[in-house]
Amino acid sequence: MFFIETHFQEEIASLILVILTLLLRVIVSKAVKRYAKTSHILEHRTNLVVKYTSIFISVLFILALSIIWGVETKDVIVTVSSVITVIGVALFAQWSILSNITSGIILLFSFPFKIGDNIQIHDKDFPIEAEILDIRAFHTLLISSDGVEISYPNNLLMQKGVSIIKHPREEAKEFVD
């Protein structure tokens, strides 16, 4: 009982923070899904964006909660920088994973090409001409004209030259419009 009385303000602030965090998650999730629906973005991509924003909101929640309960700001900064350093070293050791994630995020938000586009990847050792089935966090799924499914790493997709192939029907539509 003594703990409840002495930390009443922190408890109320924590409760308000929990409610605000839950509301923020719901609002952001609905906003992203509404935007994705109007923009005709795939559900898989939408779920990835919702997951990434949820993780970001959770990190902010933990930081705010630690500040409410009196953790010194400099201690929070030291802890966060230490965690980021450890993660950075671990990811640097696995640079291909980091570059695939980064490339996946770029592909998710920049939309240089979209699902359903026929593309040609200009690689002298392994040229590919295929249709994009899905763009995921680590790789892009392609299907060639002979039905072979190809999982192509996103970092290579960003490094290689890629041409979007327009079908004659699409070009004729453009000239008519």
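In the block above lies the structure referred to throughout.
Everything numeric here is computed off the predicted structure, so don't read it as measured data.

Analysis parameters
Every chain's residues receive numbers from 1 upward, in the order its sequence appears when written. Side-chain atom pairs in this predicted model are given and counted only at pLDDT of 80 or more, local residue features only at pLDDT of at least 70, and totals for whole chains, interfaces and linings cover all residues. Computation of side-chain values: all heavy atoms of the structure, hydrogens and water removed. Candidates for patches are residues over 30% relative accessible area with no salt bridge; among them, like charges are joined within 9 Å and nonpolar side chains (Val, Leu, Ile, Met, Phe, Trp, Tyr) within 5 Å. A 1.4 Å probe and the Shrake-Rupley method give the accessible areas. Residues count as covered only by the protein chains that appear here. Each salt bridge in this description consists of a side-chain nitrogen of Lys or Arg and a carboxyl oxygen of Asp or Glu lying within 4 Å of one another. Here a helix means four or more residues in a row that DSSP labels H or I, a strand means two or more in a row labelled E, and each is numbered from the N terminus. Only protein chains enter the area calculation, which uses a 1.4 Å probe; residues under 20% of their type maximum are buried, those over 50% are exposed, and those in between are partly exposed. Polar contact is defined as a pair of N or O atoms within 3.5 Å, subject to the rule that within protein one atom must be able to donate a hydrogen and the other to accept it, and that residues adjacent in sequence are counted only when both atoms are side-chain atoms. The contact rule is simple, with two residues in contact once any of their heavy atoms fall within 4.5 Å.

A. Representation of a nonpolar patch on the surface in the model. Together, Phe-8, Ile-12, Leu-15, Ile-16, Ile-19, Leu-20, Leu-23 and Ile-27 give the surface a local cluster of nonpolar side chains, amounting to about 770 Å² of exposed area. In this structure, Ile-19 sits in helix α2 (residues 8–39). Ile-19 sits in the partly exposed class, given a relative accessible area of 44%.

B. View of the side chain of Thr-140. With respect to the helices and strands, the residue Thr-140 is situated in strand β3 (residues 139–144). We classify Thr-140 as buried; its relative accessible area is 0%. Separated by 2.7 Å, the side chains of Thr-140 and Asn-154 make a polar contact. When near neighbours in sequence (up to four residues on either side) are disregarded, Thr-140 contacts Leu-107, Ile-132, Asp-134, Ile-135, Ile-150, Ser-151, Tyr-152, Asn-154 and Leu-157.

By themselves, these observations are geometric and do not establish any function.
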